[in-house]
Amino acid sequence: MRLNNALVYQQGQLRERSVFVSNDGRMDFSASPAAGVGDCSCLIVPGLVDVHVHLREPGFFYKETIATGTQAAARGGFTTVCAMPNLNPAPDSMEHLEVQLEIIRRDARVRVLPYGCITMGQKGGRELCDYAAMMPFVAGFSDDGKGVQDESTMREAMKRVKAVGGMIVAHCEQENLLRGGYIHDGEYARLHGHRGICPESEYAQVERDLRLVRETGCRYHVCHVSTAETVQLIRRAKAEGLDVSCETGPHYLTLCDMDLQEDGRFKMNPPIRSARDRDALIEGLLDGTVDMIATDHAPHSAEEKSRGLEKSLMGVVGLETAFAVLYTRLVQTGSVPLEVLIRAMTDNPRKRFGLPPVQLEDGAAQDFAVFDLNSETTINPEHFASKGRATPFAGWRVRGECIYTSVGGKAVWQKK
């Protein structure tokens, strides 16, 4: 595959270069442009990294499998994903973690790093997991899907995770503030008679955890940030020198609650919030407060997502749409520079989670993805590789289609 005058992301900068990609995924930047081949609209980047996905296996293969979820990742340009632990069995011990690791070794199309649980059974109780045993095999420790409600339990978990050099990756949600809500407690909820989830349910637990980070010195990462108040708390924590980071998702950066429809594909946790929150997240991405973008890819069956906003299960898919949606809605509109988007999806998650850097050098078999920035497509969930079909972006016209993904020199996705 020869690409003339492609945009190539190297050492944190975009450069216009011609490149020949061999059949074994090696790049040759010294090759002269091919005669008769016009300018290319392609972008070549290190493989995207998503630190927050749900692959549903073992235990819930009817929603997704490691095979289908990682094929979806490859089609979206992702070469590494970190898989959340709400599984059966939950990875709360080496015995249970090994069940997941065996399926990963057998079926994964891209690199998969699992998370270990914070609490046994991921039930939020006082019994903590054997972090030392799992540490060499996991991206970090999380009870994603539930916030750890008991302060003393989280304090002790942070102390033990720090002792083994790990990181707490926290779903922050104070359950006594939920009050039966299922979408954002904002204008749309009031207009349509829905019960809302207040922003405080997120930022109050972030505030508690940051206080515990000050006590323990534990490395700490906040999942799926959705509120302006959370962004400000993390901004202050970073200025203070705390070892903290955070992620947000494509839907929080591109939608607000007034974009909701009476459809389960708009229901996720935390919910899509106000325009003020969306704008604060974009500001946080621009100033570095929001370190990275993660999809929270969370597939469910069609039946589980067919019950409307109130009764559908929470979660949407995102691996196959993330880059194109963000490129179209943030970069093409001038809201976010392309380099900022690329860093948030490549360099930043690699650095924070201790993954090897990808330099896109001559001759190396590397993890990389190629996007056609001029290719305009309509998002059609029926064409997804994922078993999940619920996405708030269905029907959107977007640019930035992934046309090639390589993992270690092996093509795992190539558009025909």
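See the structure shown above.
Residues numbered from 1 in each chain as written. Predicted model: local features only at pLDDT ≥ 70, side-chain atom pairs only at ≥ 80, totals over all residues. Heavy atoms only, no water.

A. Quick look at the nonpolar core. Judged by nonpolar contacts, the single largest core of 99 residues is most densely connected at V81, I168, Y220, F323, M345 and F371. Ranked by the residues each element gives to this core, the list is headed by helix α11 (residues 322-331), at eight residues. In this structure, V81 is in contact with D50, V53, L55, A73, V110, R111, V112, L113 and L319, ignoring residues within four places of it in sequence. (Core = buried A, V, L, I, M, F, W, Y, C linked by side-chain atoms within 4.5 Å. Buried < 20%, exposed > 50% of the residue type's maximum accessible area, 1.4 Å probe, protein only. Helix = DSSP H or I, 4+ residues; strand = E, 2+ residues; numbered from the N terminus. Contact = heavy atoms within 4.5 Å.)

B. The arrangement of the pairing of strand β6 (residues 78-83) in detail. The buried fraction of β6 amounts to six of the six residues, a majority that puts the element mostly inside the structure. What joins strand β5 (residues 48-53) to β6 is helix α1 (residues 66-75), and the crossover it makes is right-handed. Pairing geometry for β6 and strand β7 (residues 111-114), over four bridges, is parallel. Bridge pairing in β7 places C82 opposite L113. (Right-handed = clockwise from strand over helix to strand, strands pointing away. Pairing = 2+ DSSP bridges.)

C. Focus on the packing of aromatic side chains. Within this structure, the stated rule accounts for six aromatic pairs. A connected cluster of aromatic rings, assembled from ring pairs, spans F323, Y327 and F371. (Phe/Tyr/Trp six-rings, centres within 6.5 Å; stacked < 30°, edge-to-face > 60°.)

D. Focus on the packing of helix α4 (residues 151-163) against helix α6 (residues 200-216). Across the interface, α4 lies against α6 with an axial gap of 10 Å and an inter-helix angle of 45°. Taken together, the axes of α4 and α6 lie oblique to each other. Crossing angle aside, the handedness with which α4 passes α6 is right-handed. Contact residues: α4 offers E151, M154, R155, M158, K159 and K162, while α6 offers R208, D209, R211, L212, V213, E215 and T216. Here the contact of α4 with α6 is built from residues that sort into four nonpolar, one polar and eight charged. (Axes fitted to C-alpha atoms, helices over the stretch in contact; angles between N-to-C directions. Parallel < 35°, antiparallel > 145°, perpendicular 65-115°, else oblique. Left-handed = near helix turned anticlockwise from the far one by under 90°. Nonpolar A, V, L, I, M, F, W, Y, C, P; charged D, E, K, R; others polar.)

E. Summary view of the sheet that holds strand β11 (residues 219-222). Strand order in the open sheet formed by four strands is β8-β11-β12-β13, with parallel pairing between adjacent strands. Two strands lie at the open edges of the sheet, namely β8 (167-170) and β13 (292-293), each paired on one side alone. Bridging between β11 and strand β12 (residues 244-248) involves three bridges; their strand directions are parallel. Bridging from a neighbouring strand, V222 pairs with C246 of β12. Across the sheet, α6 lies against β8, β11 and β12, angled at about 170° from β11, the strand it touches most.

F. Structural detail: the environment of E98. Mapped onto the elements of the fold, E98 is located in helix α2 (residues 94-107). Judged by its relative accessible area of 31%, E98 falls in the partly exposed class. As for E98 and A74, which are separated by 24 residues in sequence, their C-alpha atoms are 24 Å apart.

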